[in-house]
Amino acid sequence: MEFKKCPRCGNFFHSDLEVCQACKTNENLDIQKLRNYIDLNGTENCQNVQQISIDTGINTKNLNRYLGTAEFSGILNKDSKK
Ligand SMILES: [Zn+2]
């Protein structure tokens, strides 16, 4: 386990999780919201992070973090990916 800085609240924590214990619930809620949003709108309508942020209420910083994870990495069209 490594010592990490929580990307949501900035607290340091020691865990295998991506966020600290205090943020875990909100983190999971946000990810669930994002999954639902993609299910409802389809990936072709999920290309604008700003728009997703407005529609879901998830801030862009967290959104960009989620979209960089393995689960969501295929969502945004990237030139380097096909
Ligand atoms: Zn936190």
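Below you will find a few notes about this structure. Predicted model, so just to flag it, every value in this text is computed and none were measured.

1. Let's talk about the nonpolar core
1) Next: Within the largest apolar cluster, 14 residues are counted, with the highest numbers of intra-cluster contacts made by Leu34, Leu67 and Phe72.
2) Next: Elements with a contribution of two residues or more to this core: α1 (21-41), α2 (49-56) and α3 (60-67).
3) Next: Top element by residues in this core is α1. It accounts for four residues.
4) Next: Counting five residues, the second largest nonpolar core, distinct from the first, contains Cys6, Phe13, Cys20 and Cys23.

2. Overview of the side chain of serine 73
1) Next: By secondary structure assignment, the location of serine 73 is in the segment after α3.
2) Next: Residue class for serine 73 comes out buried when judged on its relative accessible area of 17%.
3) Next: From its side chain, serine 73 meets the backbone oxygen of alanine 70 in a polar contact 3.3 Å long.

Thresholds applied
- Residues numbered from 1 in each chain as written.
- Predicted model: local features only at pLDDT ≥ 70, side-chain atom pairs only at ≥ 80, totals over all residues.
- Heavy atoms only, no water.
- Core = buried A, V, L, I, M, F, W, Y, C linked by side-chain atoms within 4.5 Å.
- Buried < 20%, exposed > 50% of the residue type's maximum accessible area, 1.4 Å probe, protein only.
- Helix = DSSP H or I, 4+ residues; strand = E, 2+ residues; numbered from the N terminus.
- Polar contact = N/O pair within 3.5 Å; in protein donor to acceptor, adjacent residues only side chain to side chain.

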